[in-house]
Amino acid sequence: MVEDSDIEITNVSRRFGETVALDGVSLTIKQGEFFSLLGPSGCGKTTLLRIIAGLEYNDEGTVCIGGEDTKDIPAFQRPVNMVFQSYALFPHFNVRQNIAFGLKMKKVSQQETDERVNRVMALVEIEDLADRKPNQLSGGQRQRVALARAVVNEPKLLLLDEPLAALDLKLRKQLQVELLNLQRNLGITFIYVTHDQEEALVLSDRIAVMCDGRIEQLGDAESLYENPKTRFVSQFLGTCSLIEATVKLSDGNGMLVETALGTLRVAAKHPGRDQFTLAIRPEKIRLVSKTTQNGENECTVCIDQLIYKGSETHYDLSHGDQPLQAVAMNRHHPEHSLNLGTEATAYLPPEALIILDD
Ligand code: ATP
């Protein structure tokens, strides 16, 4: 069944002169989802958001909201509100007037306007700021006003374009939690644009990772992190070491592959080609000081760089020309730890080796 704010985007493309901003994007977003568009600058995130809002048009493809093609629906008639990175508050209005603006335009009664404005100001905890002008607010407070101004219209769909980008890290983390609570309490569909991978992982039910106007991969945070399909996704969402591999043997337990690290067992089944790139997340590599002969999936590595980060240590390793990155929690006292310039044994668990498509 199609719900009111289900979104179906089919084969949407948009060109600006020579630039292909969107190249055949298709995706479905369900009512009540917290959906993020994640990707580097210029990959087309904002253009897609603006097309959904009706602020930009698409050259090809369709955008349906609630099962209805939006081609002929102007922006102001769509069940959509947008929150911008730049807040876009009216400088001469105070906080209350800024939030009430949309309701005034819709000719909502004064009493109902007051009730709704009071309710959303309480929701984002800005009741004390009602009489202040935007230039008398901090960045975080302005962001809350911008959110309240969008939420007060009770849109079915809230489009957020990097709304927290201008804030410092601590405030951003605090507002992330509040955004999540707000979304869960209101049940509104959120489409959230960010280039911050951690923010996308923390907030989203599902994420579309975008690159050069296309969706590289779409899924929930865990499946994207644990099973990146391409080099780009493996590097953009966290980091991975990449290892070129050639199949030697394929059996019921997976495969044996030849790599620059020696022979490795891979738990995944044969992908239908004998040469591919493997990826492994840094925290999956187990590192111990070199004491014994190497066993299966173990290799000797040199510790080229070591960055102590309190709870964990990051290691840049190498085996000949093959670089590896590892992260280990600092469970033990530092005197048991591994030292820069020494050799260690790295274990790459067969089930942690991911086969990439490219
Ligand atoms: P950012 O994170 O920097 O905001 P983005 O992923 O949101 O980037 P878009 O703003 O969607 O990217 O832009 C996609 C591409 O289209 C970019 O190359 C951009 O320069 C181009 N572009 C966007 N809007 C226009 C426009 N109005 N005229 C010309 N080119 C445009």
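The following refers to the structure shown. What you are looking at is a predicted structure, and each value in this text was computed from that prediction instead of being measured.

## Description of the site of the ligand
In the neighbourhood of the ligand, the contacting residues comprise Phe16, Thr19, Ala21, Pro40, Ser41, Gly42, Cys43, Gly44, Lys45, Thr46, Thr47 and Glu162. At 3.0 Å from an oxygen atom of the ligand is found a main-chain nitrogen or oxygen belonging to Cys43. The side chain of Thr46 places a nitrogen or oxygen atom 2.6 Å from an oxygen atom of the ligand. When the ligand is considered free in solution it has 630 Å² of accessible area, and contact with the protein chains removes 58% of it. Going through the elements one at a time, strand 2 (19-29) and helix 1 (45-53) are the ones with two or more residues in the shell around the ligand. Residue contributions to the shell around the ligand peak at three residues, all from helix 1.

## As for the sheet that holds strand 8 (residues 189-194)
Across the sheet, six strands lie side by side as 6-7-8-3-9-10; this open sheet has mixed pairing. At either margin of the open sheet sits one strand with a lone partner, and together these are strand 6 (80-83) and strand 10 (214-219). If you compare each strand with its neighbour and ignore which way they point, the axes differ by 20° on average. Of the strand pairs in this sheet, strand 3 (residues 34-38) and strand 8 are connected by five bridges, and their pairing is parallel. The residue bridging Leu37 from the neighbouring strand is Val193, located in strand 8. Along the sheet, helix 4 (residues 139-151) makes contact with strand 6 and strand 7 (157-161), crossing strand 6 at roughly 175°.

Rules used throughout
- Residues numbered from 1 in each chain as written.
- Predicted model: local features only at pLDDT ≥ 70, side-chain atom pairs only at ≥ 80, totals over all residues.
- Heavy atoms only, no water.
- Near = heavy atom within 4 Å.
- Polar contact = N/O pair within 3.5 Å; in protein donor to acceptor, adjacent residues only side chain to side chain.
- Areas by Shrake-Rupley, 256 points an atom, 1.4 Å probe, with all protein chains shown as cover.
- Helix = DSSP H or I, 4+ residues; strand = E, 2+ residues; numbered from the N terminus.
- Pairing = 2+ DSSP bridges.
- Axes fitted to C-alpha atoms, helices over the stretch in contact; angles between N-to-C directions.
- Contact = heavy atoms within 4.5 Å.

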